[in-house]
Structure formats: C-alpha cells, structure tokens
Amino acid sequence: MKFQRSKINQAVLSALAASAAGGAGAAPAPIEEIVVTASKRAEPMQDVPITMQAVDQRAMEEAGIETFVDYVKYLPNVNAGGRGPGQNEIYIRGTAVQAINTTIAEANGSAPNVGLYLDEQPVTAGGRNLDVYATDLERIEVLPGPQGTLYGASSMAGTVRLITNKPRFNEFQASFRGSASSTKNGDMSDKVEAVLNLPLIDDKLAVRAALFSDNQGGYIDNVAGSFTPDPTVNPVLPPASGVQFVPAGGSPTAHQFADGSFAVPGQVYPVQYTSTPNSDLVEDDFNDASYQGFRVGAKYAINEDWSVLVTHHQQVLEADGVFDYDPLVGDLKVQRYNRDRLRDEFGQTAWTVEGRVGALELLYTGAYLKREVDQTIDYSNYANTGLYIRGYMCEYNTPGYHGGGGVGYTFDPTLSGDPGVIECSAGDSFAAISNENERWTHEFRIVTDQSKRLHFAGGVFYEDFETRHVGDFNYGNPLWAPVDPQNKASWGPPTTANDRNVRDPRVQFTNDITRPEEQLAVFGELTFDITEDLSLTAGARWYDIEVGFEGFSAFKYGNRPVPNLAGGNNANGIVLEADGNDSDGTSLAPDITGGRDYKTNIGNFQPYEDDDVITKFTANWFATDDVLLYATWSEGYRPPGFNRAVAGSQLVPGTVPSAAATANDGPGGFPDYFIPLIYKSDQLTNTEVGWKATLLDGLLRFNGSVYRIDWESIQVGHIDSQNISFLTIVDNAGDAEITGFEGDLVWAATENLMLYGAFSFNDTEITSLNPAFAFAVTDEGDELPLAPKVQFNLRARYEWPIGEGQAHAQLATKYSDKSWSSIIDVPPRRERQDDYLITDASLGYAVDEWGVELFVNNLTDERAQLHINTLDGSRKITTNRPRTVGLRISYDFDR
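Analysis parameters
- Residues numbered from 1 in each chain as written.
- Predicted model: local features only at pLDDT ≥ 70, side-chain atom pairs only at ≥ 80, totals over all residues.
- Heavy atoms only, no water.
- Pairing = 2+ DSSP bridges.
- Helix = DSSP H or I, 4+ residues; strand = E, 2+ residues; numbered from the N terminus.
- Patch = residues over 30% accessible without salt bridge, like charges linked within 9 Å, V, L, I, M, F, W, Y side chains within 5 Å.
- Areas by Shrake-Rupley, 256 points an atom, 1.4 Å probe, with all protein chains shown as cover.
- Salt bridge = Lys/Arg side-chain N within 4 Å of Asp/Glu carboxyl O.
- Lys, Arg positive; Asp, Glu negative; His and termini not counted.
- Charge placed at Lys NZ, Arg CZ, Asp CG, Glu CD.
- Buried < 20%, exposed > 50% of the residue type's maximum accessible area, 1.4 Å probe, protein only.
- Disulfide = S-S within 2.5 Å.
- Contact = heavy atoms within 4.5 Å.
- Polar contact = N/O pair within 3.5 Å; in protein donor to acceptor, adjacent residues only side chain to side chain.
- Core = buried A, V, L, I, M, F, W, Y, C linked by side-chain atoms within 4.5 Å.

Paired through their backbone hydrogen bonds, the strands of a sheet run either parallel or antiparallel. The 3 strands are arranged S19-S49-S48 in an open sheet whose pairing can be described as antiparallel. At either margin of the open sheet sits one strand with a lone partner, and together these are strand S19 (324–325) and strand S48 (867–869). Across 2 bridges, the pairing between S19 and strand S49 (residues 876–878) is antiparallel. For Tyr-325, the partnering residue across the bridge sits in S49 and is Ile-877.

Written out as structure tokens, the structure is:
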C-alpha cells in the first residue's frame, strides 16, 4: 500500500471539482474521504488495512454527539457499562465482564480492556473512563482490537481515539452553538459552545480556543421512604424476634457478656432497629449534570519542515443524584438516604514536535494529565448485604477489643445503653471517595518514506501513571473513638498514605491506596509492498510494565464502649458515668485501629514486573482500485495487579503463603479458595478478515470484517459481601471465545438523501473456568455480559434548498439485542437485560453562517436497560434520557 496511490481520493476530488464548476446537478456528489492517523501516520481511511470506524466533525454535529453516552450510541459494536457521567467503561466486540463497584474501583479494580485516547495520550481509568466533552473534535476513531502493537496496555479489545481540532494557519474561524431542551417529566437543559481560530502570523503561528458549558436537567426522582435494616434480607443481622444466648463450649454456666454479667437462661433479648426517613432529601429530577471547560492550543511553524503544538484542556464535570432507577420504587424513581454527589475535574497539557529529516517523518509527543474525583455515594443498602455490618452497626463483641469472660464474635447487649436490649444504630450509611490520577506520557516515533516498497512506522513509549485513592465508609452512630491511622493495633504508622488524619467519627472502614504504574515499550510495524496491490505487514511491541500497591486499609470493627450498668462497675471494676467515661473523665471506649499496611506486608513483592512481546501480522490486497481486502492476526494484553485482601500477614517471596495468610474464611463458605496476591495479565488474540469498498463511482462506502477472538485468563473483579471475608478481589476467571462480524456503510442515495448504517453480530461463549473461582462466575458455555448478539444503527438525512438556504430532515435509530448484566453469578447479580430501540429526529434550516434545528431525542420515550447493576447493594437500572425536545442555534464564520 502506498500513500500516493490514493486513486479513490483523486476520483473524489475530481468529482467534487466538476460538481463545483458545473453548479447544482441531478447526480449526487461522491462521499468525502476521511484522513485518519490510526496507524500512527496520516492516511485515507479506505487505504488503511485495519477494521476501524471514523466519525468526523460534520457527522458528530448532525448526530448531536456531545458526551460519552452519545459516543457509544452511534459507534458500531461498542457498548458501555456503568452508573452515569464519569462512571463508565467501554466494551468493544463483546469483551465485557461488568465494571467493579466505583467505591473501590481505584483501590482494587483492574484496568479497562479498551484504550481511550485524548489525542496522543491514553486516558483510561478503571470504572471511570475520562468523560471528555465532545467540543470541537475533528473526529472519533474506533479501532476494534487488539491494537496492542501500536497502542499497548489496555488496548487489548480495541481503542477509541478522540481527535481534537488543531490551530490552522492563515484561517480565521469563529463558531457558536447553543441549545435549550425539555425532557419529559424532567428539568430543562441548556448548552453553549464557542470556538475561535486566530491566525497570528502568516504561515507561522495560530491559536485556537474552545469553550463549553452544558447543563443537563435531571429526570429521576428521589421519593419519600424510610430505611430499616432487615434481617430477613441480610441473615447476619440479629433476628427481629430477638436473640437467646446459650452456654459456650458445653459450659454448665450461662453465657457471659463483656461486662462480666451472665445471660439469663431462656430470656429473649429483643433487638432494637432504627428507621431512617429521607424526607430532607426528597426531590424531583434530582440527577442534574453539568460539563464546563475550555481547550486552548497554539501551533508554531519553526520552518517549512518543523512545527510545535501545545494544547491545554480543562474540564469540570459535576453531577448530583444517580442515573439509575429502582423499578420496585417506580419508573425513574429511587429512594436515597444520603446525598449522591460527584465532582470530576481534569486538566491535560500536551505538546507535540514534528517534522522531517529528508524522507523521514519524526514526531515527539508528550502529555501530563491530572484528574481529581470527589464523590459521595449513598451506601445504606450495605446494611442489607454486608457481612460485617453487624459489627459496624449493632452491639457485637469482637475478641481483642472488648474482652470480657472469654466471649467473642457474638451479639452482646452490655456494650452500650440498655443491657436487656441488643441495640442497632440507624442503617443509613455513605461512602466518601477521593481519587487523584497523575499521568505522564512520552512517545517518540519515526515514519519512513511510504512510497518505498519497504517502509516502517514505530517508536518508543514511556508512561508514569499513579492513582491515589481514599475511600471512607461511614456506618451507624459514632459510639467510639474514630479511625486513627497513627494508632493501630498491629502495624506502625503507615509508610505510605494519602491522608494520615484521624477520620470522621462515623468512618468505620477506610481504604487509603496508592497504585503506581510505570511502563516502557518499543513498538513498530514494518510493511513490504510485494506488488503495487499486495502488501505484508509485521508488527511487534516489547513492553516492560511495573505495578505497585501501597497504602493501608483500616477499621474500627466492633469498638463500642462498655457502659455504666446496674451494679455501677464495668468488668474491670471501674465506676462509669452515663456518658461512658470513668469518674475522672477518661474514656473507656477502645481507641485502637486495626488494619493492614500494604507496603509493609507485601513490600517484598513490589514492584511486580511483567515484560513480554506481542505481535501482529497483516496481509492486504487491493483487488481493484476501490476494493481493499485484508487479513490480520493480532495480540493484546491488560496489565496485572495486586489484591489487597491477602495482605493480612507477612509474606515471604519464594514461599507458598500459608492458609492463614490467604484463605477465605467467610461463613458462606468457600474455605478452599485462596485469594491470589497477584492477578496476572489477561490476553486476547484476534483473527479477522475484512474489506473496504468504495462502490457506485464513489457514492457507496461499505466496510466490514469477520473475526474470531480468543480471550484467555479473563480478569474479573468481584465484591461478595456474604461469602468472602475479604470482600473485594480480582482473579483470572477463565477463557472465552467470540465469533462475529460487523460492517458500516455510507450511501449517497440521491442528490438530497444520505444514508448511514452500521451493524454487528457477536456470538460469545465462556469456554473454561478457573475451578477455584467458579463459585463467583456463571457457567461454562454461557454468554459474556453486556454483549448483545445483534446491534445496528441507521441514520437518514434529507437536504433540500429553500430560498437562499438549505433545509434538512433527519431520522436516526439504534437497536440493541438482549444481553446479560454481569459475568458474576452470585445472586442476584446476573440477569437478562431487555432489547431496545431508540429513535431520534430533527428538522433544520441553514442560511449563510446561521443554522437552526428542532430536535427530538428518544422519540418513542423508550426506557432502555443499558445496564442492570447491584453496585451499591440494590438492583438498579441505568437507562437513557426520556423523550427530549429542543432547539439548536449555530453560527459558523470561516474566511
């Protein structure tokens, strides 16, 4: 393949020129070619022998693409799973398992298997792919995977690239877009965007700036309710009928409590549960979201061959409420008992130097990304799912903290308040999450003369990526001293910590985790043109990646003060006042924090290093000037990582960890399951045959491929609050196969009518399971989740002249087949999601620089089941926005 051979381009340009010279005619104009950089060099999309889709700026504006939800909606064979703005992961070709809970995704979750790029920098993050607002984008490129040789880690299943418009020399541009819309039974929304391109020095210097503000009204109601912990739902809670205590270990004496007293034989100790109303939080349409930010870039031409580009992108995403609803409460309704809030801010500064030395194209690009996420999540349903909630919420004796008569791990009414009643505090709880991501990337690459029979594109990539996470879980009433990282039962002051401060009194568990990752890679693709029409390409990537796991987890499990009882003394004979202090005012509440320091406990294993070589081979043949056929075999991988759960004792490299160090001792019972210290990389191998065809004299473009994917050692994150005592793990669950085909087409049907379409079919199957982890996932032979067998989208746009301007009418629809919600099959995690069909329509008129458009999104008010999840302990459905009617106004000036 040669860049100069683009006969398609020449035909298109000739046709366009002839059309312009001859004025309006009856024949439609050929389809415009899109130049892409998917192969790390600029080429016409129809000449690149890889499966890809590219949505250019015009198509994005016509389809109303603005946010992450919009990207996915019209991208073929692409799906997402998550809970709303800034909380999604991308899946391509059915390679999905379900995202892990966002409260611990950064603490103990695996990386995504689809790479997301903002220009030249990867911005992927587990459970929280960067939600970049689509203002002033040149195009979106979707590269089904693996794309490992050119794009590396986490591009195992594919890559999505968001390519921004760059400053343009000698061209003044100004544009404005604004809209207002109303959602059925929801709040109003409004949006403003502005773009300015300023040529400052002819052929030398230009600056481009984009501003955006998008306020999206809510459509989900938080309705009145009252939350009461329910022992019929969570059997670890004491039964509402009360508790009787029997002698321990065959002792003839009665059961002894922590204060030294004995239980009365045959007496039923009633349980006191507290109900929590949410009256202060009741609100209609409470899930508002807003995107605010800007991007500014400057490009300077050093000389005819060399240029420098510097760009900065700043964005703040804020969201209230939740974007999934509870069908048991009502359509688009939930009951939340603490405020749900999200603030997600990032800044990216990127720089590129590119030029030529003779026939060689050289490029260095680097970027620095800092992202800060602060979120509070209502976590009240943990009271009805959590294994440890009895200790956090109820009077529960824990050995080593309360003591008293050899009693341990049982309910104890003498720990506070009335000794004749087992008291449980209010069940409402919340998680406070703080995340920081810092990412430095550098890439140097070289492209040789593409007109030569043997040509090369490759380079060196370096990345330094660090995630810092603090997750504070707030349960019950503060009857004891708070979590203090400096005052611990079994470990010294934390060697690494993001927050060393004493936690709020309600915090009973905290994760404070730092996850460093460093990667070095050398990559390249070598192409040999056997003939003018037949080429072979071999690609390879050597990578060396190091991952670490530092910080601590800490808790105040079961730490309640021993109160003043009838006798006036506690078990140690100290007289207590009613407030739980002794007569001198000294608190008798335990103040020791338990937990694990990961650098101390697993520091001997850090950093964990993984290095390998992955390859790619492609053969492509121009059967005609307008038809390209290709076959590809490629590999991809995802980084490994650590499990925090196994760090309960010192581990020694080169030895087998003892059962005490790694066993799961959950009462639900999987005593033979050993949580792995390190979950290894999973790998994906893809074999595909594809075609790219431009037919009917350039009026029809039809591209497609048939593929077979083998996915080995699938990384699966799992939270099991009933069966596994350490709760959160990632393990390699097994293998799967995916067979499918996909295609997309563009057809200039008439002078006035354009048709766009895309389709995909995926047949997924889990072929083998890790026997030790099989209890957590679905069975062999079952389908992968979030992988609809059939998907398609269609868009028809009709344009016609009216007066001095041009009118248009557009209808667009997307269909998605049924799919499963999760690979996890611990009830009630996995269920069938319904198929859906969403239709949008618009009618507009443009004259000179001005345009106006009336649009209706979700014309039939479809309630799509995009993702059924139990990520905060209760079943909820992430859905699309109800029917929305709005008006857009645009202005474009270009000279």
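So much for the structure itself; the text now carries on.
A grouping of Asp-187, Glu-283, Asp-284 and Asp-320 is seen on the molecular surface, where their side chains present a negatively charged patch. Mapping Asp-187 onto the fold places it in the loop between strand S10 (173–183) and strand S11 (188–201). Exposure remark for Asp-187: the relative accessible area of 30% places this residue in the partly exposed category.

Our focus in this paragraph is the state of the cysteines. All chains considered together, the criterion is met by 1 disulfide. Each sulfur in the disulfide pair Cys-394 and Cys-424 lies 2.1 Å from the other. What sets the handedness of the Cys-394 and Cys-424 disulfide is the S-S torsion sign, and at about 105° it is right-handed. Taken together, the residues Cys-394 in the loop between helix H6 (389–393) and strand S23 (396–397) and Cys-424 in the loop between strand S25 (422–423) and strand S26 (430–447) connect sequence positions 30 residues apart. Classification of Cys-394 as buried rests on a relative accessible area of 0%. Given a relative accessible area of 3%, Cys-424 falls into the buried group.

Time to look at the environment of Asp-412. When you line up the elements, Asp-412 lands in the loop between strand S24 (410–411) and S25. A sequence separation of 153 residues divides Asp-412 from Asp-259, and the C-alpha atoms of the two residues are 9.3 Å apart. Look past the residues within four positions of Asp-412 in its chain and what remains in contact with it is Phe-257, Ala-258, Glu-395, Tyr-396 and Asn-397. Of the polar contacts made by the side chain of Asp-412, one reaches the side chain of Thr-414; its length is 2.6 Å.

Counting residues in hydrophobic clusters, the biggest one holds 61 residues, and the most contacted among them are Phe-245 and Ile-389. At the level of elements, helix H4 (105–108), helix H5 (148–151), H6, S26, strand S27 (454–474), strand S28 (507–529), strand S29 (534–547) and helix H7 (598–602) are the ones that each hand at least two residues to this core. The biggest single contributor to this core is S28, with 4 residues.

Functional significance is not addressed by these values, which are geometric in nature.
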